[in-house]
Amino acid sequence: MNAFKPKETLTEQVARHVENLIAFGQLRSGERIYESAMAKELNVSLGSVREGLLLLEKRHLVKNVPRKGAFVTTLDEHFVHSLYETLELYLTHTGRKLVRQWQPEDMERLESLREKMQRCYEQNDLLAFLELGIEYTQASLVYADNYFIVSAIDNLWPSAKRCAFAAFRQGGKQVLEDNLAHMEQSIQAIKARDEQALAEILHRYALQQCQQVLTAIAQ
């Protein structure tokens, strides 16, 4: 993982740093986050760390407990089922709009991202693969035209990345192959403007990914 380097606002960078620690398992499910130690490690103020943790609570990675401190959200069966059920609902709704309204430049971008992910898979670059996967899904939201859905999905991405990494640790490259196959099937359904086929693909993928994560956390 890259070293901490401020680029955006300080609060956002603190949040991003802790987000990656959680997503890649360096801060574990249910573990307490010691604010003063984190501030010292990053050489930032205690206030910046607390503001960053508030952002992560909004993104479902941290739970701030009054008089006790901040803890990594517990990654359990209920959390995982809830995440994938919600993602499927949102992405199916927005995917139907994409199927009806996509333009050639939209398809070019989706196919380009899919090719980049294939190269990352071949180079075994997991981090870049996950980031491109998020970019791919964000690109498919171009016609969502719904502030609340886009905002909600943005706050779900960190948990999705966390779960994807957990699945990869358990299932290895097969998980990446499944992702690529899902994308190829999705692109073909979008090209054909087949809403029902896309909905079925998203449903199968959500069930498969959910089960892979549950298998991983059971270990």
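For the structure itself, consult the block above.
Computed from a predicted model, the values in this text were never measured in an experiment.

J.: An account of the pairing of strand E3 (residues 69-72) is requested, with residue identities and associated values reported.
T.: One ladder, built from two bridges, connects strand E1 (residues 32-33) with E3; its direction is antiparallel. Within the sheet, the bridge partner assigned to Arg32 lies in E3 and is Phe71. Examined bridge by bridge, strand E2 (residues 62-65) and E3 share four bridges and lie antiparallel to one another. Bridge assignment links Val65 to a residue of E3, and that residue is Gly69. Two successive antiparallel strands, E2 and E3, enclose a turn made up of three residues, where Arg67 displays a positive phi of approximately 65°.

J.: Explain the pattern of salt bridges to me, using residue names and the numbers behind them.
T.: This model, assessed by the stated rule, comprises 12 salt bridges. Ionic pairing is found between Glu12 and Arg16, a salt bridge with its closest N-O pair at 3.2 Å. With Glu12 and Arg16 both in helix H1 (residues 10-23) and four residues apart, this pair spans about one turn of that helix. The class of Glu12 is buried, set by a relative accessible area of 14%. Take Arg16: its relative accessible area is 33%, and that puts it in the partly exposed class. With a shortest N-O distance of 2.8 Å, Glu35 and Arg50 are connected by a salt bridge. Highlighted residues: Glu35 in helix H2 (residues 35-42) and Arg50 in helix H3 (residues 46-58), separated in sequence by 15 residues. The class for Glu35 is buried, based on a relative accessible area of 19%. A single salt-bridge network, built from bridges that share partners, covers Glu12, Arg16, Glu19, Arg59, Glu131 and Lys161.

J.: How would you sum up the layout of surface pockets? Please name residues and give values.
T.: One water molecule sets the probe size; rolling that probe over the atoms shows where empty space is left. Approximately 230 Å³ is the volume found for the second largest pocket. The wall of the second largest pocket is formed by 14 residues, among which Gly25, Leu75, Ala166, Arg169 and Ile217 lie closest to the centre. Within the residue set of the lining of the second largest pocket, elements represented by two or more residues are H1, helix H7 (147-171) and helix H9 (195-218). By residue number, the principal contributor to the lining of the second largest pocket is H7, which donates four residues. Along the lines of polarity and charge, the residues of the lining of the second largest pocket split into seven nonpolar, four polar and three charged.

J.: Describe empty space enclosed by the protein, listing the residues and the values that go with them.
T.: With the rule as written, the count across this model stands at one cavity of 30 Å³ or more. There is about 570 Å³ of room inside the largest cavity. In terms of lining residues, the largest cavity is bounded by 30 residues, among which Leu91, Gly133, Thr137, His182 and Tyr205 are the most central. Mapped by element, the contributors of at least two residues to the lining of the largest cavity are helix H4 (77-101), helix H6 (126-139), H7, helix H8 (173-191) and H9. In terms of residue class, the lining of the largest cavity is made up of 20 nonpolar, eight polar and two charged.

About the criteria used
- Residues numbered from 1 in each chain as written.
- Predicted model: local features only at pLDDT ≥ 70, side-chain atom pairs only at ≥ 80, totals over all residues.
- Heavy atoms only, no water.
- Pairing = 2+ DSSP bridges.
- Helix = DSSP H or I, 4+ residues; strand = E, 2+ residues; numbered from the N terminus.
- Salt bridge = Lys/Arg side-chain N within 4 Å of Asp/Glu carboxyl O.
- Buried < 20%, exposed > 50% of the residue type's maximum accessible area, 1.4 Å probe, protein only.
- 1 Å grid on protein atoms, 1.4 Å probe; cavity = no way out; pocket = protein on both sides within 12 Å on 5 of 7 lines; lining within 4 Å.
- Points joined across faces, edges and corners; volume = space filled by probe spheres on them.
- Nonpolar A, V, L, I, M, F, W, Y, C, P; charged D, E, K, R; others polar.

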